[in-house]
Amino acid sequence: MTRRRIAHVLLSALTSFAMASGCLRFAVEEMPASPPEKQRPSVLVVFVTGFGDKPKDVREHRVLEPLERCVGAVDTVVVYRDAMDYLTGSFASELHRRVTSHRRYRGYDKRVLVGFSSGGTAALEYASRHPDAFDAVVLYAPFLGPAYVIKEIDAAGGLADWTPQGPEERPETLWVWLKQYAQGEVSAPPTYFLWGRHDAIAPGLSLLQGHLPPERLLVGEEGDHGWEAFDRIWPDFVRDHLEVFTSRDPLPGCRA
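Residues numbered from 1 in each chain as written. Predicted model: local features only at pLDDT ≥ 70, side-chain atom pairs only at ≥ 80, totals over all residues. Heavy atoms only, no water.

**Some details on the overall build of the protein**
Next, step 1: A count of helical and extended segments in the protein gives 9 helices and 7 strands.
Next, step 2: Expressed as a percentage of its 256 residues, the buried residues of the protein come to 50%.
Next, step 3: At a minimum sequence separation of 6, the contacts of the protein that also span at least 24 residues come to 76%.
Next, step 4: In the structure as shown, the protein presents an accessible area of about 12200 Å², 52% of it carried by carbon and sulfur atoms. (Helix = DSSP H or I, 4+ residues; strand = E, 2+ residues; numbered from the N terminus. Buried < 20%, exposed > 50% of the residue type's maximum accessible area, 1.4 Å probe, protein only. Contact = heavy atoms within 4.5 Å. Areas by Shrake-Rupley, 256 points an atom, 1.4 Å probe, with all protein chains shown as cover.)

Below, the structure written as structure tokens:
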């Protein structure tokens, strides 16, 4: 049995287990701008957590502070899951049904999708299906497929020269889209990738270098995977890429 077939069998088994056990849960928590403003903020950030993370982690790691310091008040929706529901393909439809299809969602000047770790993978898959839903997509350390797919792309000479070997499955489909996006063949909002140089998934993300503009790729020098690396990268990203979140000038305290 080939590695591709083994991976397919394992993926099918995990998906069947998740659906049969009833452990899937797509949950949403709104975090309105604080302190409340008379007028609704012009920016909405939809933050998709990694496995096991909750809205309290977003608060504890002060994800909104750099935004509030540079942009001002921001409305935030945190999407989190108790199980691997993106394996079943339900994530994209649930995000569309629960968040982006609401009328009030369309009232913001800027709508930004931020995906963290496995949440970045799910967010990328959503953006590939709904390219007009967000004005920008920021992905921290998304998992882009098992090692055999990464090695296959590398062995082909890189993303530009790679074509899937055999039937396309989920990881290959994502890479086919990334190749089309890098070549300008598919429409999508500006998409940014952040990761730590010592992250175990860095080899996969490094395949994007040379295919996307350098300003779309931010590699941190410290930390490996998770909040430690994100906490070091995120404030610099917000400060240096304000156009992602606003067309206004930065607030006076942004560069402090």
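**Things to note about the packing of aromatic side chains**
Next, step 1: Per the counting criterion, the structure on display carries 16 aromatic pairs.
Next, step 2: With a centroid separation of 5.7 Å and an interplanar angle of 80°, the aromatic rings of Tyr105 and Phe134 are classed as edge-to-face. With Tyr105 in the loop between α4 (90-100) and β4 (110-116) and Phe134 in the loop between α5 (118-129) and β5 (136-140), the pair connects residues that are 29 residues apart, well separated along the chain.
Next, step 3: Arranged with centres 6.4 Å apart and planes meeting at 85°, the rings of Phe237 and Phe245 form a pair that is edge-to-face. (Phe/Tyr/Trp six-rings, centres within 6.5 Å; stacked < 30°, edge-to-face > 60°.)

**Some points on the packing of helix α6 (residues 147-155) against helix α7 (residues 170-182)**
Next, step 1: Between α6 and α7, the least distance of the axes is 10 Å, while the angle of their chain directions is 40°. Taken together, α6 and α7 sit at an angle that is classed as oblique. The two elements α6 and α7 cross, and the hand of that crossing is right-handed. Residues Tyr148, Val149, Ile150 and Ile153 of α6 touch α7, and the partners they reach there are Pro171, Glu172 and Trp175. (Axes fitted to C-alpha atoms, helices over the stretch in contact; angles between N-to-C directions. Parallel < 35°, antiparallel > 145°, perpendicular 65-115°, else oblique. Left-handed = near helix turned anticlockwise from the far one by under 90°.)

**Things to note about the pattern of salt bridges**
Next, step 1: Taken as a whole, this structure holds 8 salt bridges when the rule is applied.
Next, step 2: Of the charged contacts, one joins Lys56 and Asp57 as a salt bridge, the two residues approaching to 3.7 Å between their closest N and O atoms.
Next, step 3: The salt bridge involving Glu65 is made with Arg62; its shortest N-O contact spans 3.7 Å.
Next, step 4: What makes Glu65 partly exposed here is its relative accessible area of 34%.
Next, step 5: According to the relative accessible area criterion, Arg62 is exposed, its value standing at 54%.
Next, step 6: Several salt bridges share partner residues, and in doing so they unite Glu94, Arg97 and Arg98 into one network. (Salt bridge = Lys/Arg side-chain N within 4 Å of Asp/Glu carboxyl O.)

**Some remarks on the confidence of the model for the protein**
Next, step 1: Looking at the protein, the pLDDT average stands at 82 and 82% of residues meet or exceed 70.
Next, step 2: At the low end of the mean pLDDT range in the protein sits helix α1 (residues 3-21), at 36; at the high end sits β5, at 97.
Next, step 3: Taken together, the stretch residues 5-24 has pLDDT below 50 and engages in 19 contacts with residues farther than four places along the chain or on a different chain. (pLDDT = per-residue confidence, 0-100.)

**What about the pairing of β4?**
Note on strand geometry: in a regular strand, side chains alternate between the two faces of the sheet.
Next, step 1: For β4, the tally of buried residues reaches 6 of 7 residues, placing the bulk of the element in the interior.
Next, step 2: Pairing between strand β2 (residues 43-48) and β4: 6 bridges, direction parallel. Note on β4: the bridge partner recorded for Val48 is Gly115.
Next, step 3: With 5 bridges connecting them, β4 and β5 associate as parallel partners. Bridging across to β5, Val112 finds its partner in Ala136.
Next, step 4: A crossover connection joins β4 to the parallel β5 through α5; in handedness this β-α-β unit is right-handed. (Pairing = 2+ DSSP bridges. Right-handed = clockwise from strand over helix to strand, strands pointing away.)

**Here's the deal with α5**
Next, step 1: If you check α5, its first and last C-alpha atoms are 17 Å apart, about what 12 residues at 1.5 Å a residue would give, namely 16 Å.
Next, step 2: With 10 of its 12 residues buried, α5 lies for the most part within the structure.
Next, step 3: The complete set of buried residues in α5 reads Ser118, Gly119, Gly120, Thr121, Ala122, Ala123, Leu124, Glu125, Tyr126 and Ala127.
Next, step 4: Its buried side turned inward, α5 meets β2, β3 (75-81), α4, β4, β5 and α7. (Expected span 1.5 Å × (residues − 1).)

**Some thoughts on α7**
Next, step 1: Between its first and last C-alpha, α7 extends 18 Å over 13 residues, near the 18 Å set by a 1.5 Å rise per residue.
Next, step 2: Among all positions in α7, only Pro171, Glu172, Leu174, Trp175, Val176, Trp177, Leu178, Lys179 and Tyr181 are buried.
Next, step 3: Backbone geometry just after α7 places Gly184 at a positive phi near 75°.

**Describing the packing of α4 against α5**
Next, step 1: It is the contact of α4 with α5, at a shortest axis distance of 9 Å, that shows an interaxial angle of 75°. Taken as axis vectors, α4 and α5 run roughly perpendicular relative to one another. Residues Phe91, Ala92, Leu95, His96 and Thr100 of α4 lie in contact with α5, whose contacting residues are Ala122, Ala123, Tyr126 and Arg129.
Next, step 2: Classifying every residue of the contact of α4 with α5 by side-chain character gives 6 nonpolar, 2 polar and 1 charged. (Nonpolar A, V, L, I, M, F, W, Y, C, P; charged D, E, K, R; others polar.)

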